[in-house]
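Observations on the model geometry
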Amino acid sequence: MEEERDRKIKQDLDLKIKAALALGQMCPNVVNKAALATLADFQSNPRTKEAMHRRYLGNKALTSGDYKTAYCEYSMGIVNNPDDPALWCNRSLAYLKLGHPELTVVDSKRAIEVMDKYIDDSRNKKPGLKMPLITKDNDGLTLGQKLSQLRLKANFRASQALANLELFPDAIDSCEWLLGVIDQVKGVPFNWTDVRKLLEECKKRLEDGRKKHGPNYVDRVENYGKYTFRGKYWWDARQENRMSEGIFQNLARKISEISSKVKVAKVTFEEWGNEYHYGIKATSNISENTLILEEVPFLCVNSGFTKRCDYCNYEVKKKVKYICPKTGCKETYCNIQCYQQAYNLYHKVMCGKDFSEIYKIVKTGVSTSSLSHLFAIKLFAIGKNRDICPLDIEEIKHLRRWANAYSTMPVVFFKFYKIIIKNLEIPIGDLRFDFWVYISCMSTLGNNLFGDKDNQSRPDTSVLLPLISLINHDCEPNAHPTVELNNRKWGLEAKRNIKKGEPITVSYVNWPNMDDEERCKRLFIQHGIKCKCKKCSPFSKLIESYEKSEGVVANT
Ligand SMILES: C[S@@+](CC[C@H](N)C(=O)[O-])C[C@H]1O[C@@H](n2cnc3c(N)ncnc32)[C@H](O)[C@@H]1O
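Residues numbered from 1 in each chain as written. Predicted model: local features only at pLDDT ≥ 70, side-chain atom pairs only at ≥ 80, totals over all residues. Heavy atoms only, no water.

Another point: the sheet that holds strand S9 (residues 449–453). One open sheet accounts for 3 strands, arranged S5-S10-S9; its pairing is antiparallel. Of all strands in the sheet, those with a lone pairing partner are strand S5 (299–302) and S9, marking the two edges. Across the sheet, the axes of successive neighbouring strands diverge by a mean angle of 15 degrees, strand direction being ignored. (Pairing = 2+ DSSP bridges. Helix = DSSP H or I, 4+ residues; strand = E, 2+ residues; numbered from the N terminus. Axes fitted to C-alpha atoms, helices over the stretch in contact; angles between N-to-C directions.)

Attention now goes to the side chain of Ser259. Among the structural elements, Ser259 can be located in the loop between helix H11 (245–258) and strand S2 (262–267). Under the relative-accessibility criterion, Ser259 is labelled buried at 7%. Here the side chain of Ser259 touches Lys261 through a polar contact of 3.0 Å, landing on its backbone nitrogen. Look past the residues within four positions of Ser259 in its chain and what remains in contact with it is Ile292 and Leu293. (Buried < 20%, exposed > 50% of the residue type's maximum accessible area, 1.4 Å probe, protein only. Polar contact = N/O pair within 3.5 Å; in protein donor to acceptor, adjacent residues only side chain to side chain. Contact = heavy atoms within 4.5 Å.)

Our focus in this paragraph is the nonpolar core. Ranked by internal contacts, the top residues of the largest apolar core, which has 108 residues, are Phe380 and Tyr438. Lining this core are residues from two domains, each supplying at least three of them: domain 1 (2–226) and domain 2 (299–463). The residues contacting Tyr438, other than those within four sequence positions of it, are His373, Ala376, Phe380, Phe413, Phe416, Tyr417 and Ile420. The next biggest cluster of nonpolar side chains, apart from the first, holds 28 residues, and it includes Ala282, Ile468, Leu470 and Trp490. (Core = buried A, V, L, I, M, F, W, Y, C linked by side-chain atoms within 4.5 Å. Domains from an automatic or database assignment.)

On to unusual backbone geometry, then. With phi around 65 degrees, Glu166 is a residue other than glycine that occupies positive phi space. The phi dihedral of Ser457 is positive, around 65 degrees, even though this residue is not glycine. Mapping Ser457 onto the fold places it in the loop between S9 and strand S10 (459–464). You can call Ser457 exposed: its relative accessible area is 52%.

What follows deals with helix H12 (residues 336–350). If you check H12, its first and last C-alpha atoms are just 17 Å apart, much less than what 15 residues at 1.5 Å a residue would give, namely 21 Å. In the structure, H12 departs most strongly from a straight axis at Asn344, where the bend amounts to approximately 75 degrees. For H12, the complete set of buried residues consists of Cys338, Tyr339, Ala342, Leu345, Tyr346, His347, Val349 and Met350. Buried residues in H12 make contact with S5, strand S6 (322–323), strand S7 (332–333) and helix H14 (372–386). (Expected span 1.5 Å × (residues − 1). Bend = angle between axes of the 7 residues up to and from the residue.)

Written as structure tokens, this is what we have:
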């Protein structure tokens, strides 16, 4: 029985191969003997079979307009068979329908990459991808034709998403590419007039934008795409869970271990309504200049302008130097202890890997927030090392993500993301490290880092302090961090007398002599904070209207 079925599959495929080659389709090289083997393998492999079933369920959900179910089914399919480009391509449509163009672009690119890899593997006579494109629905198309169609679909979705991200020049390029290949493909899987319409619309919006904002309106993909992201995707419940009793108790214990003067508390500012936040409150009267607490950073990064220990940020030229003993790895530490701590936390999986491209771009940044890309590498490395999603890292899972503003996504995010998962050898089908996880990590980092510049004002170092990060901002704070870069512990000192029960606050910004309204506006623009402190309360309506009229603000 089995043999008979395999023979039929091979026969069927053989015919399709011949037809595809004879027709000279866009991807004639995708079919070879290895592909034959993998198709048979696909039919008998329970995981690829499951993936195909998920694709079927996803397609059904998509057709009925149930995009959330479609997202779930395709994701399950990807977990089972990440080598099926149709799953990535179809999930990109689910994302588009759900209003996540930033994820559509990435999944459609992934679909194309998977197809390219398939073609390369076939050329090099490597085993082909497990790509169940030849299914029961015999629509008379060859494998090559199906691949060509899929490539068009992926590109069309990318064009639509680029337009939604307001990256018009790139959307225009993409539409023009599509219109250029119109004659080469049999059975175009969508209406060509839709591509023309999209092209016209993008050209018009670009022109209107340039008239209004000047010739540099809307940068290209290397720069920013605009989308709405309020700190979490709907399928990710972690931000709700961060206030759970278990996590709260855990934080309370950790704070009590470093200070008897303060405790963690669930707080609301009047205008925050029912939304609870974490905050830190004094447990007794604290006098001016008292050291309230000290915390050792969970993670440190440095951009390399000053030679520092990769683990604790000490300036190594002043201290004993220890270089990672592995040949080819040049990472530098103060001493063997720092090396061992780093090794166990993240270095084990990062050792000797080349992240220079990320460092190069980080070094061109003007603000210390650019260093968050270096943290993202370490968070992914810790996730890989602990075999968990980076968003579940115990030390940081309680942190509040950037949530109060719209976001812009530098498209370099995807470039960096790809470097990270490739270097850390994370398979693309491991969705614990999916691209949205990277965006969510960046959002956590954007809200919780303490950075410093060097004496030439270049972003130099940054630290992640999971407990000090619980302290809220006030434009007239009662405490301030005692930052000393060459001190492993970061301190918090009372600026004035603080009463028992009073929330401890710091200023997140250092803008002396700025008028109150401007400061309040910039807190919103640069930190996503609609500041609820007493000084800012007169401007709350103004900020609301500013948010509505601007729509999009920078996430820097
Ligand atoms: C570093 S966290 C502080 C701890 C945070 N409240 C929590 O629940 O984890 C920074 C975030 O707290 C909130 N926040 C802190 N100070 C604030 C203020 N003065 N007004 C409004 N929101 C504030 C904002 O959401 C901000 O993005």
